[in-house]
Amino acid sequence: MTAVAAKRRFWVEDGSSVTSARGVEVLDTPLLNKNTAFTRQERAELGLEGLLPAAVQTLEDRVRRAYEQYHEQPTDLLKNVFLAMLQDNDEVLFYRLLTEHLREMLPVVYDPTVGEAIKRYSHEYRRPRGVYLSIAEPDRIEAAFQDLGLGAGDVDLIVASDAEEILGIGDWGAGGIGIAVGKLAVYTAAAGIDPGRVIPVSLDVGTNNEALLNDPDYVGNRHSRVRGQRYDDFIDAYVRTATKLFPRALLHWEDFGPSNGRRILERYRDRICTFNDDMQGTGAIVLAATLSAARVAGTRMRDQRIVIFGAGTAGVGIADQLRDAMVRDGLERGDATRRIWCVDRQGLLTDDMTALRDFQNPYARPAAEARDWAGTGGIGLAEVVANVRPTMLIGTSTVHRAFTEAIVKEMARHVDRPIIFPLSNPTERIEAMPGDLIAWTGGRGLISTGIPVPPVTYKGVTYAIGQANNALLYPGLGLGAVVARAKRISDGMFAAAADAVAGLVSVNTPGASLLPQVENLRQVSATVAVAVAKRAAEENLAQAPLKDPIQQVQDAMWQPEYRPVRAG
Ligand SMILES: NC(=O)c1ccc[n+]([C@@H]2O[C@H](COP(=O)([O-])OP(=O)(O)OC[C@H]3O[C@@H](n4cnc5c(N)ncnc54)[C@H](O)[C@@H]3O)[C@@H](O)[C@H]2O)c1
Ligand SMILES: O=C(O)C[C@H](O)C(=O)O
Ligand SMILES: [Mg+2]
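Residues numbered from 1 in each chain as written. Chains lettered and ligands numbered in written order. Predicted model: local features only at pLDDT ≥ 70, side-chain atom pairs only at ≥ 80, totals over all residues. Heavy atoms only, no water.

As recorded by an unreviewed UniProt entry, the protein carries the name Putative malate oxidoreductase [NAD] and is attributed to Dactylosporangium siamense. We quote the UniProt Sequence similarities (unreviewed entry) comment for the protein here in full: "Belongs to the malic enzymes family." (UniProt positions renumbered as here; feature names shortened; annotations may be inferred.)

Q: Honestly, the overall build of the protein in this entry has me stumped. Any pointers?
A: Across its full length, the protein carries 23 helices and 17 strands. For the protein, the C-alpha radius of gyration of 24 Å lies close to 24 Å, the compact-globule estimate for 568 residues. Judged by the C-alpha coordinates and their principal axes, the protein covers about 80 × 55 × 50 Å. Among the 568 residues that make up the protein, the fraction classed as buried is 60%. Sequence-distant contacts, at least 24 apart, represent 71% of the contacts inside the protein between residues at least 6 apart. A total accessible area of about 22100 Å² is found for the protein, and carbon and sulfur atoms account for 48% of it. On the protein, the mean spot of the 63 positive side-chain charges and the mean spot of the 71 negative ones are 2 Å from each other. (Helix = DSSP H or I, 4+ residues; strand = E, 2+ residues; numbered from the N terminus. Rg over C-alpha atoms; globule rule 2.2 N^0.38 Å. Buried < 20%, exposed > 50% of the residue type's maximum accessible area, 1.4 Å probe, protein only. Contact = heavy atoms within 4.5 Å. Areas by Shrake-Rupley, 256 points an atom, 1.4 Å probe, with all protein chains shown as cover. Lys, Arg positive; Asp, Glu negative; His and termini not counted. Charge placed at Lys NZ, Arg CZ, Asp CG, Glu CD.)

Q: I keep staring at the nonpolar core and nothing clicks. Help me out?
A: One recurring pattern in soluble globular proteins: nonpolar side chains tend to sit buried together. Residues Leu83, Ile394, Phe421 and Ile489 are the most contacted members of the largest nonpolar core, which totals 114 residues. Sorting elements by how many residues they give to this core places helix α22 (residues 521-538) first, with 9 residues. Not counting residues within four places of it along the chain, the set of residues in contact with phenylalanine 421 comprises Val286, Ala289, Thr290, Met392, Leu393, Ile394, Gly395, Phe403, Leu446, Ile447, Ser448 and Leu514. (Core = buried A, V, L, I, M, F, W, Y, C linked by side-chain atoms within 4.5 Å.)

Q: Can you walk me through the UniProt feature "domain: Malic enzyme NAD-binding" (unreviewed entry) in the protein in this structure?
A: UniProt's feature table lists "domain: Malic enzyme NAD-binding" (unreviewed entry) at residues 279-537, given in the numbering used throughout. For residues 279-537, the end-to-end C-alpha separation is 23 Å, with 41% helix and 12% strand making up the annotated structure.

Q: Whenever I open this one, the site of ligand 1 confuses me. Can you help?
A: Lining the immediate environment of ligand 1, one finds 25 residues, of which Thr282, Thr313, Ala314, Asp344 and Ala468 sit closest. Measuring from a nitrogen atom of ligand 1, one finds a backbone N or O atom of leucine 423 at 3.5 Å. Alanine 468 has a polar backbone atom sitting 2.9 Å from a nitrogen atom of ligand 1. Protein coverage of the free-state accessible area of ligand 1, which is 850 Å², stands at 90%. In this structure the site holding ligand 1 corresponds to the largest pocket. Of all the secondary-structure elements, those providing two or more residues to the shell around ligand 1 are α14 (277-297) and α15 (313-328). For the shell around ligand 1, the per-class residue count stands at 8 nonpolar, 13 polar and 4 charged. (Near = heavy atom within 4 Å. Polar contact = N/O pair within 3.5 Å; in protein donor to acceptor, adjacent residues only side chain to side chain. 1 Å grid on protein atoms, 1.4 Å probe; cavity = no way out; pocket = protein on both sides within 12 Å on 5 of 7 lines; lining within 4 Å. Sits in = over half its atoms within 2 Å of the grid points. Nonpolar A, V, L, I, M, F, W, Y, C, P; charged D, E, K, R; others polar.)

Q: Can you help me understand the confidence of the model for the protein in this one?
A: For the protein, per-residue confidence averages 96 on the pLDDT scale, and residues scoring 70 or more make up 99% of the total. Predicted confidence for residues 1-7 stays below pLDDT 50, and this span has 26 contacts to residues more than four positions away or in other chains. The ipTM assigned to the predicted complex is 0.99, against a pTM of 0.97. (pLDDT = per-residue confidence, 0-100.)

Q: Looking at this model, I keep getting lost on the packing of aromatic side chains. Mind explaining?
A: How two aromatic rings sit relative to each other is set out by the distance from centre to centre and by the angle between their planes. Using the criterion set out here, one finds 12 aromatic pairs in the structure. When the centroid spacing of 5.7 Å and the interplanar angle of 80° are considered together, the rings of tyrosine 95 and tryptophan 558 count as edge-to-face. Of this pair, tyrosine 95 sits in helix α5 (residues 91-100) while tryptophan 558 sits in the loop between α23 (549-556) and β17 (565-567), placing them 463 residues apart in sequence. Judged on exposure class, the residue tyrosine 95 and its partner tryptophan 558 are both buried. (Phe/Tyr/Trp six-rings, centres within 6.5 Å; stacked < 30°, edge-to-face > 60°.)

Q: Help me understand helix α21 (residues 491-503), please; the structure alone is not making it clear to me.
A: Owing to its 3.6 residues per turn, the α-helix aligns residues three or four sequence positions apart on the same side. The terminal C-alpha atoms of α21, which comprises 13 residues, lie 18 Å apart, in line with the 18 Å expected from a rise of 1.5 Å per residue. In terms of burial, α21 is largely enclosed, as 10 of its 13 residues are buried. The set of residues buried in α21 consists of Gly492, Met493, Phe494, Ala495, Ala496, Ala497, Ala498, Ala500, Val501 and Ala502. In the core, the buried residues of α21 are packed alongside β7 (274-276), α14, α15, α20 (474-484) and α22. (Expected span 1.5 Å × (residues − 1).)

Q: Please clarify how the pairing of strand β8 (residues 306-309) should be interpreted in this entry.
A: Successive side chains on a regular strand alternate, one facing one side of the sheet and the next facing the other. Side-chain alternation along β8 places Ile306 and Ile308 on one buried face and Val307 and Phe309 on a second face that is also buried. Summarising the sheet, β8 and strand β11 (residues 392-395) pair through 4 bridges and their orientation is parallel. The residue of β11 that forms the bridge with isoleucine 308 is isoleucine 394. Looking at chain direction, β8 and strand β9 (residues 340-344) are connected through 4 bridges and run parallel. What sits directly across from phenylalanine 309, in β9, is valine 343. (Pairing = 2+ DSSP bridges.)

Q: Just checking my understanding: could you explain the UniProt feature "domain: Malic enzyme N-terminal" (unreviewed entry) in the protein for this structure?
A: When the UniProt feature table is mapped onto this chain numbering, "domain: Malic enzyme N-terminal" (unreviewed entry) sits at residues 87-269. Helix makes up 46% of residues 87-269 and strand makes up 11%, while its end C-alpha atoms are separated by 32 Å.

Q: Help me out: how do you make sense of the pattern of salt bridges in this one?
A: If charged atoms from side chains of opposite charge come close, those side chains can pair. Within the structure shown, the criterion is met by 34 salt bridges. Measuring nitrogen to oxygen at the nearest pair gives 2.9 Å for the salt bridge that ties aspartate 88 to arginine 129. Residue aspartate 88 is found in helix α4 (residues 76-89), and its partner arginine 129 is found in the loop between α8 (121-124) and β3 (131-134); the two are separated by 41 residues along the sequence. Of the two residues, aspartate 88 and arginine 129, both sit in the buried class. One salt bridge in this structure joins aspartate 320 and arginine 262, with 3.0 Å as the shortest N-O distance. Here aspartate 320 is found in helix α15, whereas its partner arginine 262 is found in helix α13 (residues 258-268), with 58 residues between them in sequence. Salt bridges sharing common partners tie together Arg262, Asp320, Arg323 and Asp324. (Salt bridge = Lys/Arg side-chain N within 4 Å of Asp/Glu carboxyl O.)

What follows is the structure in structure tokens.
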């Protein structure tokens, strides 16, 4: 039985969990199990007396021991596996430990170690978590969800991935469930989304990763990726079934390939409550970091000249939100678009190129503009930077070390405070390390990264590097949507979320971070949630009354505490 399937074994009444389970079944239900923290009375009532050692311990005792055991794990991957086992055994303990040590453990549960765990998924596999939907059996989708035993009002959030572009590490097939599980752990740790009301989903449409196809241990469908009508019908069957069975659920899309991510979002965004995290969550957190950077630089949004390296799902998602922010700052849409230059594998995207993706087209530059820019190898990033003299350089390319010393120094020659965001994840994909960027710009660079990095000291100033990762944004967005019971997720809700994050940052001291610190993730998420819920109400998208959004958001946050358990 999966961890999620076990949920139907209990319900909550007056702050207590009431369960029909007895004995080992209680210990096997992660959201019910308190292990040595069950009281004598609970042990008697639930048939646990012979099954536990004598001591009755507290959650604090259990956290202390789990923290010691965590430190006995020799590698980050084994720490990740240890935490997954804890989550499958005692979810309250897992979340309490994670919440108390967020800065230390977020990189293990989430980016960057989650990437390694996904690569190793079939080998480290111990037990299932979530719902695994197979393209071979689209008519079994409903039955698969029903196996969870959850009712129509029981689910707030579903995170689904087809795993075609996991972080910057490509196609990892069935292992992609790991990104859905990781994102959901962050939703709970950061925003108090109730872990009993969420579902991680693997949409297994095959994989083009030959190492997996030839790995005897691989646990997913062993064929190449299905595309075209069959793929679309499968996604459609997932959306229809999930929204029919769980009409209150927000559908979050994660790590789809560029040919599908945007298409899927465009098809459903005006019909159901849904968003794509890589495009929209990323766009909004990068906008927040940009607003802070512009404050430090003393410049306006409308005056930025922006080069985006890697015009895929995330890169163009960022372009869209920066363009919209320039429009809000007074530019015409066309003029705002013209302040953005996108560079991809084929170099600068220009309007004479025939193979551009639909979503890249709006950003294609007139070919005539760049006629004289070509160096020996065409119009690459170096030529674009030299000619555009950008104020901002954003990396979403997955190309490690693409931001070379020569390119960065050239950029820094023409602008006082160069804004440089190497956003590719995980660590082995990042376009440049912050220490180098600070040194190459003589401390003038305004830097933010997707992975967590330690502060950099340069010439006596310590630079805190804010993590421009969508983890600072989507948990609060989700919580705000849940509290407002939003019908849709609008562009306005992302803009409100970005403003809320930027509003929490004080950039007055030299070297200050452009984004709030990860330790403050719960506060950040609560603030974002309030802003998102209010915006939903203003746009008539809220289905729940919002009398006191600040209190409503607080009340909605699940806390990692043991509840009393009664036999029922
Ligand atoms: N910090 C964040 O919150 C965040 C959010 C989303 C994605 N990302 C990261 O951004 C990266 C891209 O993710 P995505 O979902 O957009 O993937 P994607 O596959 O949709 O886009 C990557 C783009 O980079 C281009 N590219 C690849 N090699 C290139 C090269 N040599 N030169 C120029 N362009 C090249 C690809 O053609 C593609 O258009 C990943 O590393 C991912 O982890 C970070
Ligand atoms: O998962 C992350 O760390 C951020 C982002 O969604 C990504 O795909 O890289
Ligand atoms: Mg992602």
